[in-house]
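The chain contents come next:
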Amino acid sequence: MILLSSAGESFFQLIFALFVFVGVLALTAFVTKWIAGYQKTVGANKNLEIIEAIRLSNNKFVQIIRAGEDKYFVVATGKDEVTLLGELSSSQLRELDEPVESIQPVDFKTVLEKLSKKQK
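Description of the structure in this document.

What counts, and where the lines are drawn
Residues numbered from 1 in each chain as written. Predicted model: local features only at pLDDT ≥ 70, side-chain atom pairs only at ≥ 80, totals over all residues. Heavy atoms only, no water. Pairing = 2+ DSSP bridges. Helix = DSSP H or I, 4+ residues; strand = E, 2+ residues; numbered from the N terminus. Axes fitted to C-alpha atoms, helices over the stretch in contact; angles between N-to-C directions. Buried < 20%, exposed > 50% of the residue type's maximum accessible area, 1.4 Å probe, protein only. Expected span 1.5 Å × (residues − 1). Salt bridge = Lys/Arg side-chain N within 4 Å of Asp/Glu carboxyl O.

Some details on the sheet that holds strand β4 (residues 82-88)
1) Next: In space, the 4 strands of this open sheet follow the order β1-β2-β3-β4, with antiparallel pairing throughout. Sheet topology places β1 (48-57) and β4 at the edges, where each strand pairs with a single neighbour. Put simply, the sheet's adjacent strands are angled 20° from each other on average, direction ignored.
2) Next: Here 6 bridges tie strand β3 (residues 71-77) to β4, and the two strands are oriented antiparallel to one another. Looking across to β4, one finds that Phe73 is bridged to Glu87.

Details of the pairing of β1
1) Next: Among the 10 residues in β1, 0 count as buried, and that is only a small part of the element.
2) Next: One ladder, built from 8 bridges, connects β1 with strand β2 (residues 60-67); its direction is antiparallel. Bridge pairing in β2 places Ile54 opposite Val62.

Focus on the pairing of β3
1) Next: Within β3, 5 of the 7 residues are buried, which leaves the element mostly enclosed by the surrounding structure.
2) Next: Of the strand pairs in this sheet, β2 and β3 are connected by 7 bridges, and their pairing is antiparallel. Following the sheet pairing, Ala67 is matched in β3 by Lys71.
3) Next: What sits between β2 and β3 in their antiparallel hairpin is a turn of 3 residues, with Gly68 showing a positive phi close to 75°.
4) Next: Hairpin remark: β3 followed by β4, antiparallel, with 4 residues in the connecting loop.

Thoughts on helix α2 (residues 108-119)
1) Next: An ideal rise of 1.5 Å per residue puts 16 Å on 12 residues; α2 measures up with 17 Å between its terminal C-alpha atoms.
2) Next: Within α2, only 0 of the 12 residues are buried, which leaves it mostly out in the open.

A short note on the pattern of salt bridges
1) Next: Taken as a whole and judged by the stated rule, the model has 3 salt bridges.
2) Next: Notably, a salt bridge pairs Arg66 with Glu49, separated by 2.6 Å at the nearest N-O pair. Taken together, the positions of Arg66 in strand β2 and Glu49 in strand β1 put the pair 17 residues apart, joining distant regions of the chain.
3) Next: With a closest N to O distance of 3.8 Å, Glu81 and Lys60 form a salt bridge.

Here you go:
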């Protein structure tokens, strides 16, 4: 009888610990999403926007930044510095909806066939 009650009590403690763990995970996920939404609305502005960025090295980027309605600047950013590279007009920018000619769609089936042929 003593062993049975001890085992049952341990089982209920385990179930309780699992419920607490799942509750803490759910609360953490909720708070994280809430803080992300809050920071997005607080940090949102209408005058500055990063249009495009490309990584040059681990902590160096070239970015196109829109300032105001029609001013576009190309800047190089690093860990401790920001350098203005030039200014662009809106006509010099390519729209994101335009297809890029250099990128061709990849057919997964053909890639898989090539890999299987190399392994044989």
